[in-house]
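Listed below are the residues making up each chain.
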Amino acid sequence: MGSIISTRGLTKRFTGHVALHDIDLNIEQGEFVIILGPNGAGKTTLLKILETLVRPSCGSVKIGGLELSRSAVEIRKMIGVISHESYLYNDLTVGENLYFYGKMYGLSQGELTVRIQFLLEQLHLEHRCMDRVSTLSRGMKQRLSIARSLIHGPDIILMDEPYTGLDLRSACDLEKILLENSKKATVLMVTHDIDRAFAMCDRVILLSDGKIAVDTRKNEIASVEELRNIYTTIFDGGT
Amino acid sequence: MIRSLHIAAKDLRTELRTKQVLNSMLVFSLVVMMIFSLSLSDMLSTSSNIDRLAPGLLWIAFIFAGTLGITRTFASETENACLDGLRLCPVDSAAIYTGKVISSICLMLIVEFLTIPVFMVLFNYNIPNIPSLVIVILLGTGGFAAVGTLLSALTVNTRTREILLPVLLLPLLVPVLIPAVLATGKILAGTGITGMITELRLIAVYDIVFFTLARLLFDHTLEG
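All of these numbers come straight from a predicted model, not from anything done at the bench. The residue count restarts for each chain, going from 1 along the sequence in the order it is written. Just so you know, chain letters begin at A and ligand numbers begin at 1, following the order they were written in. Where totals are concerned, whole chains, interfaces and linings use all residues; where local detail is concerned, this predicted model gives features only for residues with pLDDT of at least 70, and gives and counts side-chain atom pairs only at 80 or more. Excluded from the side-chain calculations are hydrogens and water; all other atoms, namely the structure's heavy atoms, are used.

Student: What am I meant to see in the environment of Asp195 of chain A here?
Tutor: Residue and element names in this part refer to chain A. Counting from the N terminus, the helices are the DSSP runs of H or I reaching at least four residues and the strands are the DSSP runs of E reaching at least two. Residue placement: Asp195 occurs in helix α7 (residues 194-200). Separated by 136 residues in the primary sequence, Asp195 and Gly59 have C-alpha atoms spaced 33 Å apart. Setting aside anything within four residues of it in sequence, one finds Asp195 in contact with Val224 and Arg228. Any pair of residues with heavy atoms lying within 4.5 Å of one another is described as a contacting pair.

Rendered as structure tokens:
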């Protein structure tokens, strides 16, 4: 399998500090990768660059064989983003939100009808299709946000703290959907929830001060406790 | 272009449902008409006086009501980080800009075409050449929306956007406002469309230049 995401010398500088420093990364098609690290390690910046929302200061990024600096619009067709932000319009209904985003991805009327119905059923939101988003609970909004990100059937799913604010049921729904999609899609998840993420992943990356401190396959780590020990050793000096 | 229309339709559907912006624009515009009709009642007894005052009066109402609306163009996109959601879609930033311009023009036209009959009633005045006035209003509103939408995106993340936007916007509107007011004056004085070709050309050039420039600059505005 070839790399679906690859970065070479990826660096991002903001005024006064370097958020990412010389990151070389290859992510294979179908991999489920979790990115861990303390606040300010550069996890979200890395994800924002892969999402095409932030331009790198230097280095190259290729997604699905396309150069990010030249083919951002084409790359966006391949990715779905789940974040702690819902990206939903409060004054539109559940169905209208999905319809709007589906149209933005260029889906036809027929495709959209089938896709919206399928996703709403999978996420137990079909009974709220005609309700405004502002009337949904936080957990429901997050489930709808997941539906929004999967509306076009992306090859790559990028997630930034997807479990923030989720109740148990929503977290289980998300896990179920991720496991189903991870069979066909590449998943990159930034999270602080080590236990949940470790159970699903194939590979673990630890970022520290904008650099990759650890990049290892899951089968090289015996258990989540060992991962927690590695994390503590690197970021808390073993204390 | 299809995606721009979807963005505009989404904005208009939201606005027609909540009427947050439309109501304030309409109320402002109608209050301006009422205040002027009361305060200038002595001067407005003759039609020739109205011919001289009305162009400025109408455009004051249009521009300030429009400024109220344009301030909110991107405000709805900041809620739940929807602007990022839009940027994640496979859509050129120029298409997002075009969609926003279309929705701003539509909202302004609703207000303008409701203000004109009120003006005619309050001032007891008949506009002699309504089709020509419609052309001037369409062109002037287009120029306003082209610049206003860009500046609205530029100031959306600033804390003082309600103050900053008019300060930046109004000086930039001078080149479109002067010919628009002059052309409106000529229409009210009974001049045909051939008598205001120069003004119409000026407004059209302004619209094309600023719309093209704004489409090119919009990507940088969003990332900033």
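Student: How should I be thinking about empty space enclosed by the protein in this particular structure?
Tutor: Unfilled space is identified by rolling a water-sized probe across the atoms. All names here are of chain A. The pocket and cavity definitions rest on a 1 Å grid over protein atoms only: a 1.4 Å probe that fits but cannot leave marks a cavity, an open set with protein on both sides within 12 Å along at least five of seven lines marks a pocket, and residues lining either have an atom within 4 Å of a point. Grid points are joined across faces, edges and corners, and a volume is the space filled by probe spheres set on the points. For the structure on display, the rule yields 1 cavity of 30 Å³ or more. As a volume, the largest cavity reaches approximately 30 Å³. If you trace the largest cavity, you find it lined by Ile23, Leu25, Ile35, Leu46, Ile205, Leu207 and Ile212. Those elements giving two or more residues to the lining of the largest cavity turn out to be β2 (17-28) and β9 (203-208). A per-class count over the lining of the largest cavity returns 7 nonpolar, no polar and no charged. Throughout this entry, Asp, Glu, Lys and Arg are counted as charged residues, while Ala, Val, Leu, Ile, Met, Phe, Trp, Tyr, Cys and Pro are counted as nonpolar. The remaining residues, Gly among them, count as polar.

Student: Even after reading the chapter, I still don't get helix α9 (residues 197-223) of chain B, so can you show me in this structure?
Tutor: Every α-helical turn comprises 3.6 residues, leaving residues that sit three or four positions apart pointing alike. All names here are of chain B. Helix span, as expected, comes to 1.5 Å for every residue beyond the first. Compared with the 39 Å implied by 1.5 Å per residue over 27 residues, the 39 Å span of α9 between its first and last C-alpha is a close match. Bend angle per residue: angle between axes fitted to the 7 residues ending at that residue and the 7 residues starting there. Where α9 bends most, the angle comes to about 45 degrees, and this point is Leu217. Classification of residues uses two cut-offs on accessible area relative to the type maximum, computed with a 1.4 Å probe and protein chains only: under 20% is buried, over 50% is exposed, and between them is partly exposed. Every buried residue of α9 is accounted for by Glu199, Leu200, Ile203, Tyr206, Asp207, Ala214, Phe218, Thr221 and Leu222. In this structure, the buried residues of α9 make contact with α5 (82-87), α6 (93-122), α7 (130-155) and α8 (161-188).

Student: Please clarify how the sheet that holds strand β5 (residues 66-67) of chain A should be interpreted in this entry.
Tutor: Picture the strands of a sheet paired through backbone hydrogen bonds; they go either parallel or antiparallel. Residues and elements named next belong to chain A. Strands are treated as partners if at least two bridges between them are detected by DSSP. With antiparallel pairing, the 4 strands of this open sheet are ordered in space as β2-β1-β4-β5. The open sheet has two edge strands with one neighbour each: β2 and β5. By the bridge criterion, 5 bridges tie strand β1 (residues 3-14) to strand β4 (residues 58-63) in an arrangement that is antiparallel. Bridge pairing links Arg8 to Ser60 in β4.

Student: I keep staring at the packing of helix α3 (residues 47-71) of chain B against α6 of chain B and nothing clicks. Help me out?
Tutor: Residues and elements named next belong to chain B. Interaxial angles span 0 to 180 degrees and are taken between N-to-C directions of axes, which are lines fitted to C-alpha atoms, for helices over the stretch in contact. α6 packs onto α3 with a crossing angle of 145 degrees between their chain directions and a minimal axis gap of 10 Å. The two elements α3 and α6 cross, and the hand of that crossing is right-handed. Residues Ile50, Ala54, Leu58, Phe62, Ala65, Gly66 and Ile70 of α3 lie in contact with α6, whose contacting residues are Ser104, Met108, Val111, Glu112, Thr115, Ile116 and Phe119. Of the residues that constitute the contact of α3 with α6, the class distribution is 10 nonpolar, 3 polar and 1 charged. By definition, turning the near helix anticlockwise from the far helix through less than a right angle yields a left-handed crossing, and turning it clockwise yields a right-handed one.

Read these as geometric descriptors, not functional statements.
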